[in-house]
Amino acid sequence: MPHGEIVMAVHRPDPELLRRQLESLRAQTVRTWTCRIGIDGADAAAESLIRHLVGDDPRFVVHAYADNVGVYRHVERMLREVTADAVWVALSDQDDHWHDDKVERLLAALTSGPALATAATCQAALVDRDGVHLGRTDRRPGDVIDLLLRNHVTGSLTLWRGDVVAAALPFPGATDASIHDHWLAVCAAGLGEVRLVDEVLQDYVQHGGNLLGEVGRTTFRSELRAARNRGGLRAHLDHAARHRWQWRVAMASGLVDRGIDQDPVVADIAAGRVSGRLLRRAGRSVVQGRLRLRGAVGVLVAATWSRGAARP
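Residues numbered from 1 in each chain as written. Predicted model: local features only at pLDDT ≥ 70, side-chain atom pairs only at ≥ 80, totals over all residues. Heavy atoms only, no water.

Draft legend 1. The arrangement of the environment of R12 in detail. For R12, the location among the structural elements is in the loop between β1 (4–10) and α1 (15–26). For the pair formed by R12 and A46, sequence separation is 34 residues and the distance between their alpha carbons is 6.5 Å. With near-sequence residues (within four places) excluded, R12 lies in contact with D43 and Q94. (Helix = DSSP H or I, 4+ residues; strand = E, 2+ residues; numbered from the N terminus. Contact = heavy atoms within 4.5 Å.)

The following block contains the structure:
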């Protein structure tokens, strides 16, 4: 069985949820892995708790970092700890619960089939901290253009091939919209196929401490609320152009500069261009159901606004 590494980024963990998640990792039917637990910022209580929970299990390695750098840069530095011989890499949240066969099922999808699979992802049951069912994810990863426009891959639901992680380092420059699993997803799609196992293989816990939760996703009404909070539509569009669109530009530039993907539409995004072929690709993805109209329009409006704001 190929060796893999599980990376868990930890910040002020809930002791019971963390204990439950660690037990679900121990219960995996695939046992050939190392789990690296990284604490973002000096936290003696968290370190003591983690060392107590993992005990003398040699598969767990604790990395305690003195500085707090936030989730995007923390996941980046944790991925630098992954050994070069890791065939697969998984990201684990500190408060979810994996089904016993999650790694086994995703690893089978990653390593089977005629196409080159660079990542395998699944669905999750949405639950509260007490296990009450709230719903289910509906992940539909597409090609690299689809994923650049709208991320549909959640890091904690995914197994990444080791060379995808290597290609993704270092991470691009960050904006307020930068998310680590979005960048990993476009790298995986640029290098091959993101494969979907359309089954629930873990519980995704929703609670007040979620950094990126699932319940209560962005709606048109919430966008209007955000515009009001930023001082009006112009300020909201300025923010979207500087952060949402420029994050896509940074990712596309990273793909082109590293030789990961040379698709002309990727090059258009890297140059900040809203080209006719980009609009056609986005429209085709909407028609085929791989991209939601509102999400595509939101990013393209931000892109167009960005171009207008850049003119003298």
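Draft legend 2. Expanded view of the nonpolar core. Counting residues in hydrophobic clusters, the biggest one holds 51 residues, and the most contacted among them are L79, L148, W160, W183 and L255. Discounting chain neighbours no more than four positions away, the residues touching L148 are H182, V186, R248, M251, A252, L255, V266 and I269. I6, V10, A120 and L157 belong to the second largest nonpolar core, which has 35 residues in total. (Core = buried A, V, L, I, M, F, W, Y, C linked by side-chain atoms within 4.5 Å. Buried < 20%, exposed > 50% of the residue type's maximum accessible area, 1.4 Å probe, protein only.)

Draft legend 3. Here's a closer look at a nonpolar patch on the surface. Among the surface-exposed residues, L293, V297 and V301 lie close enough to one another that they form a single nonpolar patch of about 250 Å² accessible area. Within the secondary structure, L293 is located in helix α12 (residues 293–310). (Patch = residues over 30% accessible without salt bridge, like charges linked within 9 Å, V, L, I, M, F, W, Y side chains within 5 Å. Areas by Shrake-Rupley, 256 points an atom, 1.4 Å probe, with all protein chains shown as cover. Salt bridge = Lys/Arg side-chain N within 4 Å of Asp/Glu carboxyl O.)

Draft legend 4. Highlighting the pairing of strand β7 (residues 133–136). One ladder, built from three bridges, connects strand β6 (residues 117–127) with β7; its direction is antiparallel. Its bridge partner lying in β7, A125 is registered against R136. Two successive antiparallel strands, β6 and β7, enclose a turn made up of five residues, where G131 displays a positive phi of approximately 90 degrees. (Pairing = 2+ DSSP bridges.)

Draft legend 5. Molecular detail of the packing of α1 against helix α2 (residues 44–54). Interhelical geometry of α1 versus α2 gives an angle of 35 degrees and a closest axis separation of 10 Å. Considering only the axes of α1 and α2, their crossing is right-handed. Each of P15, L18, R19, L22 and R26 in α1 lies in contact with α2, whose residues at this interface are L49, I50, L53 and V54. Among the residues forming the contact of α1 with α2, the class breakdown is seven nonpolar, no polar and two charged. (Axes fitted to C-alpha atoms, helices over the stretch in contact; angles between N-to-C directions. Left-handed = near helix turned anticlockwise from the far one by under 90°. Nonpolar A, V, L, I, M, F, W, Y, C, P; charged D, E, K, R; others polar.)

Draft legend 6. Representation of the pattern of salt bridges in the model. Enumeration according to the criterion identifies 24 salt bridges in this entry. Between R105 and D101 there is a salt bridge, and its shortest N-O distance comes to 3.9 Å. Between R140 and D138 there is a salt bridge; the shortest N-O distance is 3.2 Å. Owing to a relative accessible area of 34%, R140 belongs among the partly exposed residues under this scheme. For D138, a relative accessible area of 37% translates into the label partly exposed. Each of D143, D146, D263, R281 and R290 takes part in salt bridges that share partners, so that together they form one network.

Draft legend 7. Examining the packing of aromatic side chains more closely. Summed over the entire model, instances satisfying the criterion amount to three aromatic pairs. Judged by centre distance (5.2 Å) and plane angle (45 degrees), the ring pair of Y72 and F171 falls under tilted. Taken as a pair, Y72 in helix α3 (residues 70–80) and F171 in the loop between α6 (162–168) and α7 (180–191) lie far apart in primary sequence, 99 residues in all. Neither residue differs from the other here; Y72 and F171 are each classed as buried. Put simply, the rings of Y72, F171 and W247 touch in pairs and so form one group of aromatic residues. If you follow R77 out to its NZ or CZ, it ends over the ring of Y65, 4.0 Å from the centre. Cation over ring: K102 sits above W98, and NZ or CZ is 3.6 Å from the ring centre. (Phe/Tyr/Trp six-rings, centres within 6.5 Å; stacked < 30°, edge-to-face > 60°. Lys NZ or Arg CZ within 6 Å of the ring centre and 35° of its normal.)

Draft legend 8. Region of interest: the pairing of strand β8 (residues 158–161). Covered by surrounding structure in β8 are T158 and W160 together with L159 and R161, the residues of both alternating faces. One ladder, built from three bridges, connects strand β4 (residues 88–92) with β8; its direction is antiparallel. Note that in β8 the partner of W88 across the bridge is R161. Pairing of β6 with β8 involves three bridges; the strand directions are antiparallel. Residue pairing for β8: A119 is matched across the bridge by W160.

Draft legend 9. Up close: the environment of W88. Secondary-structure assignment places W88 in strand β4. Among the residues examined, W88 registers a relative accessible area of 0% and is labelled buried. Considering only alpha carbons, one finds W88 and V200, 112 residues apart in sequence, at a separation of 20 Å. A polar contact of 3.3 Å, which involves the side chain of W88, links it to the backbone oxygen of P2. (Polar contact = N/O pair within 3.5 Å; in protein donor to acceptor, adjacent residues only side chain to side chain.)

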